[in-house]
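Each chain is listed here by its residues.
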Amino acid sequence: MGLNTNELITSVFNAFNHNCTITEIQEFSSGHINDTYLIRTAEQQHFVLQRINDEVFDNVQALVNNKVKVSKHLASKLFRLTAEEKYRRVLTFLPTKMGAYYYQDSESKFWNLTYYISKSISYDTVSNKEIAYEGGKLFGKFISQTSDFDASELVEIIPGFHDVKRRLLQFEQAKRKASADRLKKANTQILRVEALQEEMVILQCLKDEGKIPNRVTHNDTKISNALFDSNNKGLCVIDTDTVMPGIVHNDFGDAIRTICNTAEEDQKDLSLVNFNVKYYEAYLKGFLEELQDSLSALEIEFLPLGAKTIIYIMGLRFLTDYLTGDVYYKTTYDEHNLDRAKNQFKLIESFEEQYEEILKLSKSISKVKQ
Ligand code: GN1
Ligand code: MG
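Calculation notes
Residues numbered from 1 in each chain as written. Chains lettered and ligands numbered in written order. Predicted model: local features only at pLDDT ≥ 70, side-chain atom pairs only at ≥ 80, totals over all residues. Heavy atoms only, no water. Near = heavy atom within 4 Å. Polar contact = N/O pair within 3.5 Å; in protein donor to acceptor, adjacent residues only side chain to side chain. Areas by Shrake-Rupley, 256 points an atom, 1.4 Å probe, with all protein chains shown as cover. Helix = DSSP H or I, 4+ residues; strand = E, 2+ residues; numbered from the N terminus. Nonpolar A, V, L, I, M, F, W, Y, C, P; charged D, E, K, R; others polar. Donors = N, O, S within 2.8 Å, 3.2 Å for Na, K, Ca; no water. Buried < 20%, exposed > 50% of the residue type's maximum accessible area, 1.4 Å probe, protein only. Core = buried A, V, L, I, M, F, W, Y, C linked by side-chain atoms within 4.5 Å. Contact = heavy atoms within 4.5 Å. Pairing = 2+ DSSP bridges.

What to know about the site of ligand 1
Ligand 1 sits among 17 residues. The nearest are H32, K222, E265, R317 and Y328. Within the side chain of K222, a nitrogen or oxygen atom sits 2.5 Å from an oxygen atom of ligand 1. For ligand 1, the protein covers 95% of the area, taking 440 Å² as the surface of the free molecule. When residues of the shell around ligand 1 are traced back to their parent elements, those giving at least two are α9 (248–259) and α12 (303–324). Considering each element in turn, the shell around ligand 1 owes the most residues, three residues, to α12. Along the lines of polarity and charge, the residues of the shell around ligand 1 split into seven nonpolar, three polar and seven charged.

Take a look at the structure:
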């Protein structure tokens, strides 16, 4: 008989190099891809244990390598802090007793372990400007502190992850194979994808032409991947699975997509989904305060389009998964992915309605900064 989940988790946890005894295991349910558990121990040092989804990530060793390298680089910038303070500001990966930063269980599944950052808060939606501003500083700092790290040392874990042209090809394939029923239900969103596609490839073209540089980017900067302390000051960026070479617009955009959405990305009532320009302003301010010296004028000019493009990519990916039959993201009901796609396209609509104001704001904030 195989191990039950708790036994499995305990045996995996004990393969890592620590001297702690499990007292409680709790599953985090918010991620769409991996399985993540909070491990409490008798020693009061708590951990996060993660089983990495090897259907989504086909080179898990390289993924873990990327994360560990970037964490070590970030930690080296915090040499003035005590170990305990450092562990609150950067994800710290623990090796196994054999020395690797991942463990492979008897079913060949890969796991990694980090310290849990206690007394921290995360948000799925934002309800004040302070969080938006602090989020901007946190994600901006992530890029500025890795600007002296050679991005080519990182493996591109999911090739073309934010490449619109590639995502559109996957969408076309999905459309060809989709059931008539799903095609019909998704018709309005399919038309939206097609109507916007010319504008949405602009950034990818600038990247392909070498006009916008590759940096070390996080690529999953939704606001729930930022931790704050009890005074709502930014603490730490988490979930570095997709850290790889990318353009700054990916990280700017994905944070805006979640910070400025007045509802969660799973919200079905679209009247609750609107783009909050005040939070855009606060986030941009924090982001540029950390990054102003590193970005080119062209990178700054295209930040607003970056926001729109990432919202579009996410809508497109949810829609593609819906048409494919829900094989990628975890879903809890039949039209979950379609609802997520509708949510993102509603957000774009609200963004477009306020585009002039967004552009004006962007110009005035970046002028002060340059
Ligand atoms: C996935 O698993 P999670 O929630 O960290 C996805 C991101 C999406 C996000 C949408 C590897 O991240 O790209 O932005 O869902 N990660 C991957 O919430 O595809
Ligand atoms: Mg993620």
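Comments concerning the coordination of the magnesium ion (ligand 2)
Listed as protein donors to the magnesium ion (ligand 2) are D220 (OD) and D239 (OD); their distances from the metal cover 1.9 to 2.1 Å. Pair noted here: D220 is in the loop between β6 (215–217) and β7 (226–228) and D239 is in the loop between β8 (234–237) and β9 (244–246), with a separation of 19 residues, a long-range link. Taking relative accessible area as the criterion, D220 reaches 17% and is therefore assigned buried.

Side note on the nonpolar core
Ranked by size, the top nonpolar core spans 97 residues in total, and within it F275 and Y312 carry the most contacts. With 13 residues, the top contributor of residues to this core is α12. If sequence neighbours within four positions are ignored, Y312 has contacts with V164, L168, R192, V193, L196, Q197, M200, F345 and I348. Membership of the second largest hydrophobic core comes to 14 residues, among which are I9, F47, L94 and Y115.

Section: the pairing of strand β5 (residues 110–115)
In regular strands, side chains alternate between the two faces of the sheet. Of all the six residues making up β5, six are buried; the element is thus mostly covered by neighbouring parts of the structure. Here β5 shows two buried faces, one formed by F110, N112 and T114 and the other by W111, L113 and Y115. Where strand β3 (residues 47–52) lies against β5, six bridges are found, and the strand directions are antiparallel. Residue pairing for β5: L49 is matched across the bridge by L113.

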